[in-house]
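Notes for the structure review
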Amino acid sequence: MYNAWFPNDSYAKGLITNIYIRQKRKMSFRKVNIIILVLAVALFLLVLHHNFLGLSSLLRNEVSDSGIVGLQPVDFVPNAPQHAVDGRQEEIPVVIAASEDRLGGAIAAINSIQHNTRSNVIFYIVTLNGTADHLRSWLSSSTLKSIRYKIVNFDAKLLEGKVKEDPDQGESMKPLTFARFYLPILVPSAKKAIYMDDDVIVQGDILALYNTPLKPGHAAAFSEDCDSSSTKVVIRGAGNQYNYIGYLDYKKERIRKLFMKASTCSFNPGVFVANLTEWKRQNITNQLEKWMKLNVEEGLYSRTLAGSITTPPLLIVFYQQHSTIDPMWNVRHLGSSAGKRYSPQFVKAAKLLHWNGHFKPWGRTASYTDVWEKWYIPDPTGKFSLIRRHVEISNIK
């Protein structure tokens, strides 16, 4: 009986063996699938981690240099203009502040720069967080939608302990006026940059301003107040208003110990070219912050020009240590009154027109508004509108 059942027993053993092999193969497949899945997840996490590190590194590059935080990139549009330029052309960084109540000024300035150059310009537009969306919508719906730009948020906390609010000093309430102090952080990868206020119109090729020669050891080039075409035409006999004594309190011992001549001609910091390599080497930002803090503690600024608190620290730090720009690249005082002080020929010849002063071209009364309005682009959102007298509007047919 045993021998009779042996073949069947062998068959059963073979069947069991086959089942075991199939089960083993299934288990092997499962293991392989699990291994592949684990490897895929690990690879995904590795890529994700790498990208996160790359993004973190990028943000660190944007806000670092001297370890200062508070300047953060919001977005970047890398599209080159239609007329542009091959990759061999040097990039020209232009830094401009754009506050909500003056946004139309920044738009007009950018438009004038863009249309008067064929150079590879990139705009670093510094603003407060609440203005970024408004600015972005204005740029994207206008003739400026092809420009290359970066919007940078300026955190007002950066100025804590460095600025004391004073109703007689209007700039103390406007944090964006201090953005120019932080150029190497705003433009971290550039060796050179242009800064300009929002109340300007550029009529020349910005490349010529960018190519302003700076002497060895000089971190910036400004336009002198005493020697400029603007001063000779407009402010004759202005006295100490355009000298160092107009900005600094020489009664203070700390100022006297600097041994800076009170009669030294001041300069205008609304438009300048900066050598950022030299700026970093000399720790210009730290020097400026030092004098900001000392002014809060000791009140070092003169009351003669009470509205200016960004100029005094620059005058101290750059005393006899700055180059000069062509005066036609900062024709100023167009906003000092509502009257016209320049001839049409002179205004046309100017490379850059600057409405510094209380009378802005987007306001109720200002000079040369027709020149400015050629570059103004209406706000598609309707939030910003030009202030014009009723009589002027009624005369428009």
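All of the points below concern the structure found in this document. These numbers come from a predicted model, not from an experiment. (Residues numbered from 1 in each chain as written. Predicted model: local features only at pLDDT ≥ 70, side-chain atom pairs only at ≥ 80, totals over all residues. Heavy atoms only, no water.)

Considering the pairing of strand S5 (residues 192–196)
Within S5, five of the five residues are buried, leaving the element largely enclosed by the surrounding structure. Neither face of S5 is open: one carries Lys192, Ile194 and Met196, the other Ala193 and Tyr195, and all of them are buried. Here S5 pairs with strand S8 (residues 267–275) via five bridges, running antiparallel. Residue pairing in the sheet places Lys192 in a bridge with Asn275 of S8. (Buried < 20%, exposed > 50% of the residue type's maximum accessible area, 1.4 Å probe, protein only. Helix = DSSP H or I, 4+ residues; strand = E, 2+ residues; numbered from the N terminus. Pairing = 2+ DSSP bridges.)

Observations regarding the environment of Leu209
In this fold, Leu209 is placed in helix H5 (residues 206–210). Judged by its relative accessible area of 0%, Leu209 falls in the buried class. Separated by 142 residues in sequence, Leu209 and Lys351 place their C-alpha atoms 9.1 Å apart. Residues within four places of Leu209 in sequence aside, it is in contact with Ile194, Met196, Val271, Val273, Ile325 and Trp329. (Contact = heavy atoms within 4.5 Å.)

A short note on the pattern of salt bridges
Within the structure shown, the criterion is met by 11 salt bridges. With its nearest N and O atoms 2.7 Å apart, the salt bridge here joins Asp133 to Arg136. Of this pair, Asp133 and Arg136 both sit in helix H3 (residues 132–140), three residues apart, roughly one helical turn. Arg136 sits in the partly exposed class, given a relative accessible area of 22%. Of the charged contacts in the structure, one is a salt bridge between Glu298 and Arg254, with a shortest N-O distance of 2.9 Å. Remark: Arg254 occurs in helix H7 (residues 253–256) and Glu298 occurs in helix H9 (residues 284–298); sequence separation between them is 44 residues. (Salt bridge = Lys/Arg side-chain N within 4 Å of Asp/Glu carboxyl O.)

Overview of the environment of Phe384
Its place among the elements puts Phe384 in the loop between helix H12 (369–373) and helix H13 (390–394). Classification of Phe384 by relative accessible area gives buried; the value is 9%. Between the C-alpha atom of Phe384 and that of Asp101, which follows or precedes it by 283 residues, the distance is 7.6 Å. If we ignore the near neighbours within four places in the chain, the residues touching Phe384 are Glu100, Asp101, Arg102, Leu103, Gly104, His134, Trp138, Trp362, Tyr376 and Asp379.

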